[in-house]
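Fold and geometry: a report
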Number of protein chains: 2
Amino acid sequence: MSEVNLSGMTALSIGRGVTLNNASELEAALRHIGATRYHNHHPFHKLLHSGKLNKGQVQAWALNRYYYQSTIPLKDAMVMTRFRDRATRLEWRHRIEDHDGDVGTEGGIERWIKLTEGLGLDTAYVESTEGILPATRFAVEAYVHFCRDRSPLEAIASSLTELFAPSIHEERISGMLEHYSFVNNDTMSYFKRRLTQAPRDANFALHYVREHATTPEQRAAVCNALIFKTNVLWVQLDALYHAYVEGHIPPGAFVPKEG
Amino acid sequence: MSEVNLSGMTALSIGRGVTLNNASELEAALRHIGATRYHNHHPFHKLLHSGKLNKGQVQAWALNRYYYQSTIPLKDAMVMTRFRDRATRLEWRHRIEDHDGDVGTEGGIERWIKLTEGLGLDTAYVESTEGILPATRFAVEAYVHFCRDRSPLEAIASSLTELFAPSIHEERISGMLEHYSFVNNDTMSYFKRRLTQAPRDANFALHYVREHATTPEQRAAVCNALIFKTNVLWVQLDALYHAYVEGHIPPGAFVPKEG
């Protein structure tokens, strides 16, 4: 695999003076971004997966993350609005099916509700999203707006965090089942299912950007879209850590009853 | 002035079961939201105004806040896109003039650059916004999107935090001049100017919502727009506190050289 130097990467972009000359250098850059910016490196996940959080903190995570999960089909529908090409819409549509399920069959959002119910959260409260952290809302909505406002290529590229999802899901399943009495195989079913769904989606998106980013400028835009998306995920965990680990819960947000 | 009970206020809204029956109850609710949710209550501001921050922390605040300041004219232009009514556009236009100035006359954004320059920050770096916290970007962009996506009434209502700005600016000017050797009257000129600009703007917006919110539903929407806006400001300070007071600077964001 090609080597690329991304030492000038900022919070926003791969920085000036980086030229990605081909698909192989693009993929190397994307994997470097994942290896350094994906939220598996965030301290909140280390606490979550190693059993260091109490039930109230895990509730806060699941409650806030529900807003992200339940927004994904809106985001994917937004991506579909960018493509007149029927084949791309057909490929993308199954992502919505994965999250929404179908009449009589559950999808990812229902599996997430199994988790929040298993954690003892009231489903009406979870679905109201009235108690989530404002930072969660802003970050998640930024993802939908990004897919509307940027190029179709960038909209697809922003999904590339899924390249790095299976490892964190495996770590999460084993870590949470091992350490928390209040989760079980049934409540963790969302992550189990994503182990097979995410790689298919990620492979399509990676193939797509390798194929369609044909200039250094487009390859940089693809990398910056992935950096944007890692920020969407990182900001959500920073907000959870600040509110529920360091104890600065903003006005009106969920206050755990169980320590 | 009317009394209203907003004890059911959430992170997102004034909550269920609140009925605001007239303009006086609306104004009472708005003032209650300001008194409980405005960012003058945030611990970061208490540190900033009492001289408890070091120069690097004040630099981080000014650098991030630049993104907010420089986005305000875009936000105000977005508000203008919502009004076919010429008189409202004329009234709103002066807000853009306040921030952008005119050929040969400085505006609020230039005054903010005086502050960041006075703090020793490189203007090209400040203007690039490459080093700001991702949470700052998401919160500020949420404000622009809100003014595009919600009703014209809510777009105007989201500016109502200016009702509460003069007191925090006075506190900031005196507190920062007293406690920090690295600020002076010239670098603080932005806030001095806002002492006269903000009240005019706030009075127009307050009069507008009192006049145009004619149903309990519209009055609730006005209150929720102000809650949204207080969240936009609060999230920015939470992110600064987490990164630069508690020391969790996210990847690629500004790292102060001066303690």
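Let us look at the structure shown here. (Residues numbered from 1 in each chain as written. Chains lettered and ligands numbered in written order. Predicted model: local features only at pLDDT ≥ 70, side-chain atom pairs only at ≥ 80, totals over all residues. Heavy atoms only, no water.)

This paragraph deals with the interface of chain B and chain A. The interface of chain B with chain A comprises 33 residues on the first partner and 33 residues on the second. Counting each side, the surface lost to burial between chain B and chain A is near 2700 Å², with a carbon and sulfur contribution of 65%. Looking only at chain B, the three residues that lose the most surface to chain A are E130, F138 and P251 of chain B, adding up to 24% of its buried area. Along the contact surface separating chain B from chain A lie zero salt bridges. In this assembly, chain B and chain A are joined by 15 residue pairs in polar contact (both at pLDDT 80 or more). Contributing elements (two or more residues each) for the side of chain B that touches chain A: helix 7 (134-149) and helix 11 (216-245) of chain B. In terms of residue count, the dominant contributor to the side of chain B that touches chain A is helix 7 of chain B (nine residues). A per-class count over the side of chain B that touches chain A returns 17 nonpolar, nine polar and seven charged. (Contact = heavy atoms within 4.5 Å. Buried area = accessible area lost by both parts, 1.4 Å probe. Salt bridge = Lys/Arg side-chain N within 4 Å of Asp/Glu carboxyl O. Polar contact = N/O pair within 3.5 Å; in protein donor to acceptor, adjacent residues only side chain to side chain. Helix = DSSP H or I, 4+ residues; strand = E, 2+ residues; numbered from the N terminus. Nonpolar A, V, L, I, M, F, W, Y, C, P; charged D, E, K, R; others polar.)

A few words now on the packing of helix 1 (residues 23-37) of chain B against helix 11 of chain B. Residues and elements named next belong to chain B. Direction vectors running N to C along helix 1 and helix 11 enclose 15 degrees, while the axes themselves pass 10 Å from each other. Taken together, the axes of helix 1 and helix 11 lie roughly parallel to each other. Our pair here, helix 1 against helix 11, has a crossing hand that is right-handed. The residues of helix 11 that touch helix 1, namely those facing A23, L26, A29, L30, I33 and R37, are R219, V222, C223, L226, I227, T230, N231 and W234. Partitioning the contact of helix 1 with helix 11 into residue classes produces ten nonpolar, two polar and two charged. (Axes fitted to C-alpha atoms, helices over the stretch in contact; angles between N-to-C directions. Parallel < 35°, antiparallel > 145°, perpendicular 65-115°, else oblique. Left-handed = near helix turned anticlockwise from the far one by under 90°.)

This part covers the relation of the copies chain B and chain A. Between chain B and chain A, which share one sequence, the superposing operator has a rotation angle of 180 degrees and an axial displacement of 0.0 Å; the RMSD is 0.0 Å. Between the two chains, the operation in question is that of a two-fold axis. Across chain B, the smallest distance between a C-alpha and the rotation axis is recorded for F138 of chain B, namely 2.8 Å. With an isologous cut-off of 70% or more, the 100% of interface residues of chain B that recur at the interface of chain A puts this contact in the isologous class. (Least-squares fit on C-alpha atoms with pLDDT ≥ 70 in both.)

All names here are of chain B. The end-to-end C-alpha distance of helix 11 is 42 Å, a good match for the 44 Å that 30 residues give at a rise of 1.5 Å each. Helix 11 sits mainly inside the fold: 25 of its 30 residues count as buried. Positive phi shows up at G247, right after helix 11, with a value of about 85 degrees. (Expected span 1.5 Å × (residues − 1). Buried < 20%, exposed > 50% of the residue type's maximum accessible area, 1.4 Å probe, protein only.)

Such coordinate-based values are descriptive only and should not be taken to indicate function.
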